[in-house]
Amino acid sequence: MLGLVVALICLQTYSVNGACPHIITRAEWGARQPNGEWFLTNPVQYAFIHHSAGPDCHDRATCQAQVKIFQNYHMDTHGWPDIGYTYVIGGDGSVFEGRGWDKVGAHTLNYNSVGYGFCMIGTFTSHMPTAAAQQAVKDLIDCGVQLGKIKREYTLRGHRDMPGSSTECPGTMLWNAIKHWPHY
């Protein structure tokens, strides 16, 4: 119980100081209940960057609708127990809780139990996500480090970097950009 209280105090402290972006909870965006969940051993080694390979969004209502579509697709079409991503980031910088910290996702084949998946809404093959979205992802990863969810010396990768991945994710423009982010 004490550990939970400390984690909540830390989360509030980092949010006030700007290291953690505001996170729109599952309850706030209207997530369905998961059909199962598995837990990670923190801190994890990897932070994976994804794109949704669909339309961009630039306001909370549109982004929230997209997140619901992702969850329905992942659960109803793929038969997964929940949305696959750890967090989903909109073009306005909104951060939506997917599976959230501590839970094994379904985002990077063979690496779900050793990393978190951060998905930016849009297709970033020929254009970049907004500056707000990029900053939100960077802040979220920094937050994960500060909370002990991600190792201080973590490895940042795009989905396509991992062996066995036959995908363009996170899109060529974004992939080329993240190669210049810390820890790539």
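An unreviewed UniProt entry lists the chain under the name Peptidoglycan-recognition protein, with Biomphalaria glabrata given as the organism. UniProt lists a comment for the chain under the heading Sequence similarities (unreviewed entry), and it reads "Belongs to the N-acetylmuramoyl-L-alanine amidase 2 family."

I49, I89, F118, M120, I141 and I150 are the most contacted members of the largest nonpolar core, which has 29 residues in total. Among the secondary structure elements, those contributing two or more residues to this core are β2 (44-51), β3 (87-89), β5 (115-120), α4 (131-146), β6 (150-158) and α5 (172-178). Looking at this core element by element, the count peaks at seven residues for α4. If sequence neighbours within four positions are ignored, I89 has contacts with S94, V95, F118, C119, M120, I121, A133, A136, V137 and L140. One finds C57, C63, I83 and I121 within the second-largest nonpolar core, a separate group that totals 12 residues.

The next point concerns unusual backbone geometry. A cis amide bond, omega 0°, links N42 with the succeeding residue P43. Position of P43 among the secondary structure elements: in the loop between α2 (26-29) and β2. Here the residue pair C169 and P170 is connected by a cis peptide bond, since its omega of 15° sits within 30 degrees of zero. Relative to the elements of secondary structure, P170 occurs in the loop between β6 and α5. In this structure, D102 takes a positive phi of about 80° despite not being glycine. Along the chain, D102 turns up in the loop between β4 (95-97) and β5. Phi at N110 is positive, roughly 70°, even though this residue is not glycine.

What follows concerns the pattern of salt bridges. Per the counting criterion, the structure on display carries four salt bridges. In this structure, the salt-bridge partner of D82 is R26, at a minimum N-O distance of 2.9 Å. Linking D82 in the loop between α3 (60-77) and β3 with R26 in helix α2, this pair joins segments that are 56 residues apart in sequence. The same class applies to D82 as to R26, namely buried. As a salt-bridge pair, K149 and D102 come within 2.9 Å of each other at their nearest N and O atoms. Within this pair, whereas K149 is found in the loop between α4 and β6, its partner D102 is found in the loop between β4 and β5, the two being separated by 47 residues in sequence.

Moving on, we come to α3. An ideal rise of 1.5 Å per residue puts 26 Å on 18 residues; α3 measures up with 25 Å between its terminal C-alpha atoms. The set of residues buried in α3 consists of C63, Q64, Q66, V67, F70, Q71, H74 and M75. Taken down its axis, α3 places every buried residue within 160° of arc, on the same side. In α3, the exposed residues that point more than 90 degrees away from the buried face are A61, D76 and T77. The inward-facing, buried residues of α3 abut α2, β3 and β4. The backbone nitrogen of A61 lies 3.2 Å from a side-chain oxygen of the residue at the head of α3, namely D59. Looking at the residues trailing α3, positive phi occurs at G79, about 75°.

Mapped onto the fold, H51 is located in strand β2. In this structure the side chain of H51 is engaged in a polar contact, spanning 3.0 Å, whose partner is the backbone nitrogen of F124. There is a polar contact of 3.3 Å between the side chain of H51 and the backbone oxygen of P170. In this structure, H51 is in contact with Y85, C119, M120, G122, T123, F124, T125, C169, P170 and G171, ignoring residues within four places of it in sequence.

This part takes up α4. If you check α4, its first and last C-alpha atoms are 22 Å apart, about what 16 residues at 1.5 Å a residue would give, namely 22 Å. Among the residues of α4, A133, Q134, A136, V137, D139, L140, I141, C143, G144 and V145 are the ones counted as buried. Phi for G148, located one or two positions after α4, is positive at around 80°.

Cut-offs and rules
Residues numbered from 1 in each chain as written. Predicted model: local features only at pLDDT ≥ 70, side-chain atom pairs only at ≥ 80, totals over all residues. Heavy atoms only, no water. UniProt positions renumbered as here; feature names shortened; annotations may be inferred. Core = buried A, V, L, I, M, F, W, Y, C linked by side-chain atoms within 4.5 Å. Buried < 20%, exposed > 50% of the residue type's maximum accessible area, 1.4 Å probe, protein only. Helix = DSSP H or I, 4+ residues; strand = E, 2+ residues; numbered from the N terminus. Contact = heavy atoms within 4.5 Å. Salt bridge = Lys/Arg side-chain N within 4 Å of Asp/Glu carboxyl O. Expected span 1.5 Å × (residues − 1). Arc of directions from axis to C-beta. Polar contact = N/O pair within 3.5 Å; in protein donor to acceptor, adjacent residues only side chain to side chain.

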